[in-house]
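For reference, the chains in residue letters:
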Amino acid sequence: MQYKVLALDLDGTLTNNAKVITPRTKAALQAAADRGVRIVLASGRPTVGIEPLAKDLELDRRGGCILSYNGGKIIDCKTGETLVQHEFPPELIDPVCTFARYWNVMPLTYDAKGIVTEDAANPYVGEEARINKIPARQVENLPAEIQWPINKLLLVGDPVDMPHVEELMQQKFAGKLSIYRSAPFFIETMPLGVEKSASLALLLKNMGLGPENLMACGDGWNDLPMIRYAGMGVAMGNAVPEVKQAAKYVTADNEHDGVGLAVEKFILEDPQ
């Protein structure tokens, strides 16, 4: 069996628009896991926002990993062991938050319970809370509040403004941070060099495998490196055009079992 690791973006990919895994897709993934395929839930979400989906797929029993913060952290679902960890540079927390405030976008990060931000009522903060099913805690000054290692800062704001803000951020923090949009209203700011494919490469190396053993499914801009890196990069039917162009295969959309159909085609139909 060629594909021994299956990396899955969550929002717009693994889950439908109601943020749940459909029965056909769930059955295909559990069958793949029973064949020994290591499932990696690869998302910009915080770890706490991915854990319910890992539990739904029984990855704590079947085996698998959570890749959170766009690759900032990977944990083993069976053991709870941290396999990969990248810390956001502490000296850049205040400059990024200051930049965000100037351009009228809201910075947020996460603690063990949920979101920490300076405006919990912001509608885009609310969207991040809804996606992850976690609460948002409001503080007066985010940089002053952070007394723990963080893996990323997420900037949220009006989709009309975000392409320009992202471009300005790329200029200001060039050579210091990895910056990209994961949704029209989200800008991910990560430690330099951190993205899904880089952390997947470390995981594969630890397993004695290479990109030819990886199948990856995604839909958004932050999935592009992963889709290009994987031996089988699969774009969802609802993916942005750039992801579709980079993919080796385009499956159905996230409302019509796109992940499940791709797993059936490339893993379950592959003779053991």
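Residues numbered from 1 in each chain as written. Predicted model: local features only at pLDDT ≥ 70, side-chain atom pairs only at ≥ 80, totals over all residues. Heavy atoms only, no water.

1. Here's the deal with the sheet that holds strand β6 (residues 106-110)
Then, in step 1: Spatially, the six strands line up as an open sheet ordered β8-β7-β6-β9-β11-β10, and their pairing is mixed. The open sheet has two free edges, formed respectively by β8 (136-138) and β10 (177-183), since each of these has just one partner strand. Pairwise comparison of adjacent strand axes, ignoring direction, gives a mean angle of 30 degrees for this sheet.
Then, in step 2: The pairing of β10 with strand β11 (residues 186-191) spans six bridges and is antiparallel. Residue A183 lies in a different strand from β11, and its bridge partner there is F186.
Then, in step 3: Helix α4 (residues 93-102) rests against β6, β9 (153-156), β10 and β11 of the sheet, and its axis sits at about 5 degrees to β9. (Pairing = 2+ DSSP bridges. Helix = DSSP H or I, 4+ residues; strand = E, 2+ residues; numbered from the N terminus. Axes fitted to C-alpha atoms, helices over the stretch in contact; angles between N-to-C directions. Contact = heavy atoms within 4.5 Å.)

2. Describing the nonpolar core
Then, in step 1: L6, L8, L29, L41, M215 and V263 are the most contacted members of the largest nonpolar core, which totals 31 residues.
Then, in step 2: Secondary-structure elements contributing two or more residues to this core are β1 (5-8), α1 (23-34), β2 (38-42), α2 (47-56), β12 (214-218), β13 (232-235) and α11 (258-268).
Then, in step 3: In contact with L8, not counting residues within four places along its chain, are L14, L29, I39, V40, L41, A42, C217 and V259.
Then, in step 4: By size, the runner-up hydrophobic cluster in this structure holds 23 residues, among which are F88, V116, I150 and M162. (Core = buried A, V, L, I, M, F, W, Y, C linked by side-chain atoms within 4.5 Å. Buried < 20%, exposed > 50% of the residue type's maximum accessible area, 1.4 Å probe, protein only.)

3. Side note on the side chain of S197
Then, in step 1: By the element assignment, S197 lies in helix α8 (residues 196-206).
Then, in step 2: We classify S197 as buried; its relative accessible area is 9%.
Then, in step 3: Among residues more than four places away in sequence, those in contact with S197 are P225, M226 and Y229.

4. Some details on the packing of aromatic side chains
Then, in step 1: Counted by the stated rule, this structure contains seven aromatic pairs.
Then, in step 2: Geometrically, the ring pair formed by F99 and W103 is tilted, given 6.5 Å between the ring centres and 45 degrees between the ring planes.
Then, in step 3: Given a relative accessible area of 8%, F99 falls into the buried group.
Then, in step 4: The exposure class assigned to W103 is partly exposed, which follows from its relative accessible area of 33%.
Then, in step 5: An aromatic cluster is defined as three or more aromatic residues linked by ring pairs; in this entry it consists of F99, Y102, W103 and F173.
Then, in step 6: Against the face of F266 rests K265, its NZ or CZ located 5.6 Å from the ring centre. (Phe/Tyr/Trp six-rings, centres within 6.5 Å; stacked < 30°, edge-to-face > 60°. Lys NZ or Arg CZ within 6 Å of the ring centre and 35° of its normal.)

5. So, the sheet that holds β2
For sheets, the rule is that strands pair by backbone hydrogen bonds, running either parallel or antiparallel.
Then, in step 1: Strand order in the open sheet formed by eight strands is β5-β4-β3-β2-β1-β12-β13-β14, and the pairing between neighbours is mixed. Because the sheet does not close on itself, it has two edges, and the strands there are β5 (82-85) and β14 (249-250).
Then, in step 2: One ladder, built from four bridges, connects β2 with strand β3 (residues 64-68); its direction is parallel. Within β3, the position partnered with A42 by the bridge is L67.
Then, in step 3: Packed onto the sheet, α2 meets β2, β3 and β4 (73-76) and runs at close to 150 degrees relative to β3.

6. A short note on helix α7 (residues 162-172)
Then, in step 1: Within α7, the full set of buried residues consists of M162, V165, E166, L168 and M169. All buried residues of α7 lie within an arc of 165 degrees about the axis, which places them on one face of the element.
Then, in step 2: Close packing links the buried residues of α7 with α4, β9, β10 and β11. (Arc of directions from axis to C-beta.)

7. Focus: the side chain of N151
Then, in step 1: Inspection of the secondary structure assignment puts N151 in the loop between α6 (142-145) and β9.
Then, in step 2: Reaching out from N151, the side chain makes a polar contact with the side chain of Q85 at a distance of 2.9 Å.
Then, in step 3: Leaving out residues up to four positions away in the same chain, N151 has contacts with Y69, G72, K73, Q85, H86, F88, M190 and P191. (Polar contact = N/O pair within 3.5 Å; in protein donor to acceptor, adjacent residues only side chain to side chain.)

8. Overview of unusual backbone geometry
Then, in step 1: For Y69, which is not a glycine, the phi torsion comes out positive at approximately 55 degrees.
Then, in step 2: Relative to the helices and strands, Y69 is located in the loop between β3 and β4.
Then, in step 3: Residue class for Y69 comes out buried when judged on its relative accessible area of 10%.
Then, in step 4: Positive phi values are uncommon outside glycine, yet K133 reaches one of about 55 degrees.
Then, in step 5: Considering the arrangement of structural elements, one finds K133 in the loop between α5 (123-132) and β8.

9. Overview of the state of the cysteines
Then, in step 1: On inspection of all chains with the given rule, the structure shows zero disulfides.
Then, in step 2: The structure places no disulfide on C65, whose sulfur is separated from the nearest cysteine sulfur, that of C77, by 6.2 Å. (Disulfide = S-S within 2.5 Å.)

10. Some remarks on α2
Residues that lie three or four places apart on an α-helix share one face, since the helix turns once every 3.6 residues.
Then, in step 1: All of the buried residues in α2 are T47, G49, I50, L53 and A54. End-on view of α2: buried residues confined to an arc of 150 degrees, all on one side of the axis.
Then, in step 2: On its buried face, α2 sits against β2, α3 (59-62), β3, β4 and α5.
Then, in step 3: Just beyond α2, the residue with positive phi is E58, at close to 60 degrees.

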